[in-house]
Amino acid sequence: MTERIVSGMRSTGKLHFGHYLGVIQNWVKLQKEYESFFFVADWHALTTKYDNTANLRQDVFDVVVDWLACGIDPEISTIYVQSLVPEIAELNIYLGMITPQNWVERDPTLKDMAKILRTKEAANSQISYGLMGYPVLMSADIMMFNATAVPVGIDQVAHIEITRDIARRFNNIYKTDFFKEAKPLLNNCSLICGLDGNKMGKSFGNDIKISDNEEVTTKKIMTAITDRTRLRKTDLGHPDQCEVAFKYWEIFGSVDDVATVKSECEQGLRGCADCKRQLAAKINELFAPIREKRRYYENHPQEVEKIIKEGSAKARIEAQKTLKEVRKLVGMY
Ligand code: TRP
Ligand code: SF4
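Residues numbered from 1 in each chain as written. Chains lettered and ligands numbered in written order. Predicted model: local features only at pLDDT ≥ 70, side-chain atom pairs only at ≥ 80, totals over all residues. Heavy atoms only, no water.

Digging into the overall build of the chain
From N to C terminus, the chain includes 14 helices and five strands. Here the chain holds 333 residues, and the buried ones make up 49% of them. Within the chain, residue pairs in contact and separated by at least 24 positions form 77% of the contacts whose partners lie at least 6 positions apart. (Helix = DSSP H or I, 4+ residues; strand = E, 2+ residues; numbered from the N terminus. Buried < 20%, exposed > 50% of the residue type's maximum accessible area, 1.4 Å probe, protein only. Contact = heavy atoms within 4.5 Å.)

Structure below.
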């Protein structure tokens, strides 16, 4: 039997290059080898945005459109929305009962989120009970489909560790081997930084979106940080100190492109503005088919709705099977 993978993303709206290179590209490849479940984690979005839900629906839609545009294929993968599979909430209850409080308290990602929340003046700077349950809910997401592997970015690995611990604990308590222990499945792509050299993120305003058009992409690329010691085109450049632009070349350019850029930069034969204009053209060329597909789905929202509804219905059938077994193992009425 083919092994199962499950993975999700919070519904944060339109996705950026970091999502594409770090996660989606990997999913597109893996969906051909595994029985794949990919979902939009709208409950997880709610853990921090419960008081700001006006865009929640649109955010879910935008994420799915990005996935489809990038090549997640609804014919071979199950695409669904977390909250449309309410069985996950019930599994979350059983897992919550058996999870020691200090396991969630020591979750490093949660600690980071709490730190960010504390710096906000907002009314929701409190850590809610729901947010504390973030890793337990993630465990429910994963264990629901008894996945053996979870393709995620490196930042999610700690969560997968907790999932393994919870699965093991469940099996111990209820004297079963029903739940498998899922492993994180990392890809080998190097992390893409934001235009300012920091981690790429929507909230940092340093990202390029999959959905950005050519003009916006070019404008953004022109702001990318280069070798700061270089003032004129004829100054000899240092690609290894070109914090963003050259790194992008290494990610998006061919081996030949990179060699040319490097040697011309080092010899002072290439100006940074020209260099970045070429880089933008390269990126626009690579993303043209994805963006075209994206426009198609944006203009056919019913098709997207149908994919979401059908995928969620399919996921529910699998979820119900798991839940039936879990209720029996726990000893519910
Ligand atoms: N926490 C993940 C993120 O921030 C989303 C997520 C929720 C997830 N549940 C999951 C990822 C289960 C993998 C498996 O994007
Ligand atoms: Fe970076 Fe290109 Fe400028 Fe060299 S020419 S410093 S690689 S942007």
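Looking at the site of ligand 2
Taken together, Thr226, Asp227, Arg230, Cys242, Ala245, Phe246, Val261, Cys265, Arg270, Cys272 and Cys275 form the complete shell of residues around ligand 2. Listing elements by their share of the shell around ligand 2, those giving two or more residues are helix H11 (245–252), helix H12 (255–266) and helix H13 (272–299). Here the residues of the shell around ligand 2 are counted per class, giving seven nonpolar, one polar and three charged. (Near = heavy atom within 4 Å. Nonpolar A, V, L, I, M, F, W, Y, C, P; charged D, E, K, R; others polar.)

Quick word on the nonpolar core
Of all hydrophobic cores here, the largest spans 55 residues; its most connected members are Ile24, Trp67 and Tyr248. Counting residues per element, this core draws most heavily on helix H3 (residues 56–70), which supplies nine residues. When residues no more than four places from it in sequence are discounted, the contact partners of Trp67 are Met9, Leu15, Ile24, Trp27, Phe38, Phe39, Val40, Ile72 and Ile79. Formed by 40 residues, the second largest nonpolar core is a distinct cluster that contains Phe37, Tyr134, Leu137 and Ile166. (Core = buried A, V, L, I, M, F, W, Y, C linked by side-chain atoms within 4.5 Å.)

Re the site of ligand 1
Contacts to ligand 1 come from 14 residues, most closely from Arg10, Tyr134, Met138, Asp141 and Gln156. Contact between ligand 1 and Tyr134: a nitrogen atom at 2.8 Å from a side-chain N or O atom of the residue. Compared with its free state, where it exposes 360 Å², ligand 1 has 93% of that area covered by protein. When contributions to the shell around ligand 1 are tallied by element, the ones reaching two or more residues are strand S1 (4–10), strand S2 (35–41) and helix H8 (134–143). Across the shell around ligand 1, the residue classes break down as eight nonpolar, four polar and two charged. (Polar contact = N/O pair within 3.5 Å; in protein donor to acceptor, adjacent residues only side chain to side chain. Areas by Shrake-Rupley, 256 points an atom, 1.4 Å probe, with all protein chains shown as cover.)

Focus: the packing of helix H10 (residues 214–222) against H13
The angle between the axes and the distance between the axes are what describe a pair of packed helices. At a closest axis distance of 9 Å, the pairing of H10 and H13 adopts a crossing angle of 145°. Our pair here, H10 against H13, has a crossing hand that is right-handed. Contacts between H10 and H13 pair Glu214, Thr217, Thr218, Ile221 and Met222 from the former with Ala273, Lys276, Arg277, Leu279, Ala280, Ile283, Asn284 and Arg291 from the latter. For the contact of H10 with H13, the residue count by class is six nonpolar, three polar and four charged. (Axes fitted to C-alpha atoms, helices over the stretch in contact; angles between N-to-C directions. Left-handed = near helix turned anticlockwise from the far one by under 90°.)

What to know about the pattern of salt bridges
Within this structure, the stated rule accounts for 25 salt bridges. One salt bridge connects Lys14 with Asp62, and the closest N-O pair in it is separated by 3.9 Å. Of this pair, Lys14 sits in the loop between S1 and helix H1 (17–30) while Asp62 sits in helix H3; the two residues are 48 residues apart in sequence, bridging distant segments of the chain. Exposure remark for Lys14: the relative accessible area of 31% places this residue in the partly exposed category. (Salt bridge = Lys/Arg side-chain N within 4 Å of Asp/Glu carboxyl O.)

Quick word on the domain arrangement of the chain
What the domain assignment reports for the chain is domain 1 (4–192 + 301–330) and domain 2 (212–293). Each of domain 1 and domain 2 has a C-alpha centre, and these two points are 35 Å apart. Of the residues lining the interface, nine residues belong to domain 1; the matching set on domain 2 comes to eight residues. Buried area between domain 1 and domain 2, both sides added, is near 720 Å², and the carbon and sulfur share of it is 81%. Of all residues in domain 1, Phe17, Ala69 and Ile192 give up the largest surface area on contact with domain 2, accounting jointly for 60% of the area buried on that side. Seen at the junction of domain 1 and domain 2, the total is zero salt bridges. Elements supplying a minimum of two residues to the side of domain 1 that touches domain 2: H1 and H3. Its residues assigned to classes, the side of domain 1 that touches domain 2 shows seven nonpolar, two polar and no charged. (Domains from an automatic or database assignment. Buried area = accessible area lost by both parts, 1.4 Å probe.)

Concerning the packing of aromatic side chains
Tallied over the entire structure, the rule returns 15 aromatic pairs. With centroids separated by 4.6 Å and ring planes inclined at 25°, the aromatic side chains of Phe37 and Phe145 adopt a geometry described as stacked. Of this pair, Phe37 sits in strand S2 while Phe145 sits in the loop between H8 and strand S4 (149–151), and the two are 108 residues apart along the sequence. The class of Phe37 is buried, set by a relative accessible area of 2%. Judged by relative accessible area, which is 0%, Phe145 ranks as buried. Judged by centre distance (5.3 Å) and plane angle (25°), the ring pair of Phe39 and Tyr80 falls under stacked. (Phe/Tyr/Trp six-rings, centres within 6.5 Å; stacked < 30°, edge-to-face > 60°.)

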